[in-house]
Amino acid sequence: QVHLVESGGGLVQPGGSLRLSCEASGNIFSISDMAWFRQAPGKQRELVAEIISSADVTNYADSVKGRFTISRDNAKHAAYLQMNNLKPEDTAVYFCYAEGADSMWRDFTSWGQGTQVTVSS
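Counting restarts for each chain, with residues numbered from 1 along the sequence as it is written. The predicted nature of this model means local features are confined to residues of pLDDT at least 70 and side-chain atom pairs, given and counted, to a pLDDT of 80 or more, with totals for whole chains, interfaces and linings taken over all residues. Based on all heavy atoms of the structure, the side-chain values leave hydrogens and waters out of the count.

**With respect to unusual backbone geometry**
Then comes step 1: Of note, His 77 is a non-glycine position whose phi angle comes to about 55 degrees, a positive value.
Then comes step 2: A positive phi is found at Asn 85, a non-glycine position, where the angle reads about 50 degrees.
Then comes step 3: Each helix is a run of H or I in the DSSP string that is no shorter than four residues. Each strand is a run of E no shorter than two, and both are numbered from the N terminus. With respect to the secondary-structure elements, Asn 85 resides in the loop between strand 8 (78-83) and strand 9 (92-102).

What follows is the structure in structure tokens.
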């Protein structure tokens, strides 16, 4: 099994910044894709940003382009989300996602437990 643990959420004022971290552990051979999703109350979970290891390609939701930056550390099986100029509409539970192959070369997908981000004055 592969487990993801997020950290870095909290309460921040509009215009402020937060950095989320996600670390994967378990029987990992490789991680091909890591991403951040978020879910606000009463809304569906949505993709915020993703980073693909093989090509170092990143994709962002239009609502966060220019404000959020996703990065990863392959040696640590970790991903990060730097969030700047936060807005109240960014308030949500943020989930880390990863997919890849485990040590038995079996495909896996995994979700973290989520970390709350609240943007409010």
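Right, picking up where we left off after that structure.
**Observations regarding the pattern of salt bridges**
Then comes step 1: Each reported salt bridge corresponds to a side-chain nitrogen of Lys or Arg within 4 Å of a carboxyl oxygen of Asp or Glu. Evaluation of the coordinates by the stated rule reveals 5 salt bridges.
Then comes step 2: Across the salt bridge formed by Arg 38 and Glu 46, the nearest N and O atoms sit 2.7 Å from each other.
Then comes step 3: For the exposure calls, accessible area comes from a 1.4 Å probe over protein chains only, and a residue counts as buried if that area is under 20% of its type's maximum, exposed if over 50%, partly exposed in between. Residue Arg 38 is classed as buried on the basis of its relative accessible area of 7%.
Then comes step 4: Ionic pairing is found between Lys 65 and Asp 62, a salt bridge with its closest N-O pair at 3.1 Å.

**Side note on the packing of aromatic side chains**
Then comes step 1: Between 30 and 60 degrees the pair is tilted, below 30 it is stacked and above 60 it is edge-to-face, where a pair is any two Phe, Tyr or Trp rings, Trp via its six-membered ring, whose centres lie within 6.5 Å. With the rule as written, the count across this model stands at 4 aromatic pairs.
Then comes step 2: With centroids separated by 5.0 Å and ring planes inclined at 55 degrees, the aromatic side chains of Tyr 97 and Trp 111 adopt a geometry described as tilted. With Tyr 97 in strand 9 and Trp 111 in strand 10 (residues 107-111), the pair connects residues that are 14 residues apart, well separated along the chain.
Then comes step 3: Clustering of aromatic rings is evident, with ring pairs tying together Phe 37, Tyr 97 and Trp 111.

**Concerning the side chain of Arg 72**
Then comes step 1: Along the chain, Arg 72 turns up in strand 7 (residues 68-73).
Then comes step 2: Although Arg 72 lies buried, it forms no salt bridge, and the closest oppositely charged side chain, Asp 33, sits 5.5 Å away as judged by the N-O distance.
Then comes step 3: We define a polar contact as two N or O atoms separated by no more than 3.5 Å, with the added condition that, inside protein, one atom must be a possible hydrogen donor and the other a possible acceptor, whereas residues neighbouring each other in sequence contribute only through side-chain atom pairs. At 2.9 Å, the side chain of Arg 72 forms a polar contact with the backbone oxygen of Ile 31.
Then comes step 4: At 2.7 Å, the side chain of Arg 72 and the side chain of Asn 74 are in polar contact.
Then comes step 5: Contacts are residue-level and defined by heavy atoms, with any inter-residue pair within 4.5 Å sufficient. Non-local contacts of Arg 72, meaning those with residues more than four positions away in its chain, are made with Ile 31, Ser 32, Asp 33, Met 34, Ile 51, Ile 52, Ser 53, Ala 78, Ala 79 and Tyr 80. For the purpose of charge, His is not counted, nor are the chain termini; Lys and Arg are scored as positive and Asp and Glu as negative.

**Thoughts on the environment of Glu 46**
Then comes step 1: By the secondary structure assignment, Glu 46 is in strand 5 (residues 46-52).
Then comes step 2: Taking the C-alpha atoms as reference, Glu 46 lies 19 Å from Ser 7; in sequence the two are 39 residues apart.
Then comes step 3: Those residues in contact with Glu 46, other than ones at most four positions away along the chain, are Trp 36, Phe 37 and Arg 38.
Then comes step 4: Here the side chain of Glu 46 touches Arg 38 through a polar contact of 2.7 Å, side chain to side chain.

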